[in-house]
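# Structural features, examined
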Amino acid sequence: MVLLCRVGLVNLVWYPLLRSGRCGNQHVTLRGEEEESALQTGRNRDSFAAMLHKLDPDDSEQILDYFKTNVLLIREKALLQASVREEKKLLVENARLKNDIADLRVQLQEKNKRKIAKALFAPVPPTAKPAPSLPVRQSDSASPASALEERVERPGRRRRGERRARPKSDTLSLGEEPRVDVSRLDIRIGRVLSIRRHPLAETLSVQVVELGEPAPRTVVSKLNQKQDVEELCGNLVVVLCNVRPCKLKGVVSQARLLCCSTSDNNIEMLAPPPGSIPGDRVTFNNYPGEPDRELVSKDRVWEILQPDLQTDGRGVASYKGAWFEVKGKGLCRIPTLTNCSIH
């Protein structure tokens with residue numbers, strides 16, 4: 001009770017001092033913005049503490065702590081009120097900006113509508129029509145003989161009953177015809193990895209051939225029935241690689257093994273030169289060029305070239321006198337057959 005009375009007495013002393021400015025600038029006390037006012041406030045606080053000590057030596061410290069707490073609460077309240085006012089101000093500004101944006105959007109839409117309407121309903125400018133050409137009348141003084149000569153000399157005029165001549169095809173101007181020679185065949189060296197009889201045909205066999213590609217190819221071919229199929233496993237062969245894949249008796253064949261035959265029972269595979277490896281390309285000296293990516297069936301390139309693929313008297317494979325050659329390694333041959341066709 002005594003402490004409350006003393007606090008009330010000090011409040012009577014402290015409040016007039018705070019209002020009159022003896023305890024420092026009120027703005028600085030609440031907000032703490034200027035350093036000079038902070039120094040003055042410190043000096044006033046010391047004098048106020050001394051005055052409290054004189055009035056009540058026993059409870060001066062408690063009263064001073066009480067006032068410090070109240071000052072901090074007042075300062076926090078002032079800061080909170082300032083932040084609330086700033087937030088309200090920002091909300092009002094945000095609402096105004098939203099209204100401005102909505103007005104501008106409406107104006108832009110109206111402007112686009114007017115532009116589209118102007119483009120749709122704009123009058124089309126009249127096009128100038130060419131003046132009709134008047135026929136030139138011949139002079140009456142022209143003789144019938146001169147009129148007949150003029151009729152004969154006019155180009156592009158045909159007689160009655162005569163057929164119109166077809167325009168000559170300008171093949172040279174459009175480009176040369178595609179070449180049909182052995183350079184269009186993609187012939188490479190391969191190695192037989194495995195071989196087995198066809199499950200649905202006794203005369204056919206299925207080989208898995210390595211051609212220097214990421215994955216081997218499956219080839220279906222007709223081999224000599226007297227020959228053991230296991231003998232070809234691991235051998236090098238000559239393969240036509242750019243034929244179109246086709247299904248033979250249910251198995252897709254992705255290439256063609258080149259061989260020679262004198263009869264259905266005597267078939268020999270074309271043998272590469274020694275030192276060849278899978279992926280080596282077979283070339284022809286007189287026929288440079290890059291092979292087709294895939295032979296088109298309607299062009300019948302293989303059917304046109306196959307009759308000229310033969311072996312000579314030494315068993316060397318050739319096309320119109322150009323040998324099957326692997327650069328730097330040698331020529332492709334047939335082991336025992338000579339003067340026979342390659343297929």
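Residues numbered from 1 in each chain as written. Predicted model: local features only at pLDDT ≥ 70, side-chain atom pairs only at ≥ 80, totals over all residues. Heavy atoms only, no water.

All right, on to the pattern of salt bridges then. What the rule picks out here adds up to nine salt bridges. With a closest N to O distance of 2.2 Å, Arg-96 and Glu-93 form a salt bridge. Here Arg-96 and its partner Glu-93 are both found in helix α4 (residues 60-120), three residues apart, which amounts to about one turn of the helix. Under the relative-accessibility criterion, Arg-96 is labelled partly exposed at 41%. (Salt bridge = Lys/Arg side-chain N within 4 Å of Asp/Glu carboxyl O. Helix = DSSP H or I, 4+ residues; strand = E, 2+ residues; numbered from the N terminus. Buried < 20%, exposed > 50% of the residue type's maximum accessible area, 1.4 Å probe, protein only.)

The next point concerns unusual backbone geometry. The phi dihedral of Lys-320 falls on the positive side, at around 50°, and the residue is not glycine. Within the secondary structure layout, Lys-320 lies in the loop between β11 (317-319) and β12 (322-323).

We now examine the layout of surface pockets. As a volume, the largest pocket reaches approximately 590 Å³. Around the largest pocket, the lining is made up of 25 residues, and of these Val-243, Cys-246, Ala-255, Arg-256 and Trp-302 lie nearest the centre. Listing elements by their share of the lining of the largest pocket, those giving two or more residues are β3 (217-222), β5 (246-248), β7 (256-257), β8 (259-263) and α7 (301-305). Of all the elements, β3 adds the most residues to the lining of the largest pocket, at four residues. (1 Å grid on protein atoms, 1.4 Å probe; cavity = no way out; pocket = protein on both sides within 12 Å on 5 of 7 lines; lining within 4 Å. Points joined across faces, edges and corners; volume = space filled by probe spheres on them.)

With that out of the way, let us pick up the pairing of strand β4 (residues 236-240). In terms of burial, β4 is largely enclosed, as four of its five residues are buried. Two elements, strand β1 (residues 187-197) and β4, share five bridges in a ladder whose sense is antiparallel. By the bridge assignment, Gly-190 is partnered in β4 with Val-237. Note that β4 and β7 share two bridges and pair antiparallel. Along β7, the bridge assignment pairs Leu-240 with Arg-256. (Pairing = 2+ DSSP bridges.)

Attention now moves to the environment of Pro-291. Residue position: Pro-291 is located in the loop between β9 (266-269) and α7. A relative accessible area of 21% places Pro-291 in the partly exposed class. Separated by 50 residues in the primary sequence, Pro-291 and Cys-241 have C-alpha atoms spaced 10.0 Å apart.

To continue, consider the sheet that holds β12. With antiparallel pairing, the three strands of this open sheet are ordered in space as β10-β11-β12. Both edges of this open sheet fall to β10 (309-311) and β12, since each of them pairs with a single strand only.

Once that is clear, we can look at the state of the cysteines. Considering all chains together, one arrives at zero disulfides under this definition. With no disulfide partner, Cys-340 has as its closest neighbouring cysteine sulfur the one in Cys-260, 3.7 Å distant. Since its relative accessible area comes to 6%, Cys-340 is described here as buried. (Disulfide = S-S within 2.5 Å.)

Applying the stated criterion across every chain yields a total of three aromatic pairs. Between Tyr-66 and Phe-67, the aromatic rings sit 5.7 Å apart at their centres with planes inclined by 70°, giving edge-to-face as the arrangement. For Phe-67, a relative accessible area of 5% gives the class buried. Ring plane angle 70° and centroid distance 5.2 Å describe the contact between Tyr-287 and Tyr-319, whose orientation is recorded as edge-to-face. In this pair, Tyr-287 is assigned in the loop between β9 and α7 and Tyr-319 in strand β11, connecting sequence segments 32 residues apart. Overall, the relative accessible area of 1% leaves Tyr-319 in the buried class. (Phe/Tyr/Trp six-rings, centres within 6.5 Å; stacked < 30°, edge-to-face > 60°.)

Bear in mind that shape data such as this cannot, by itself, settle questions of function.
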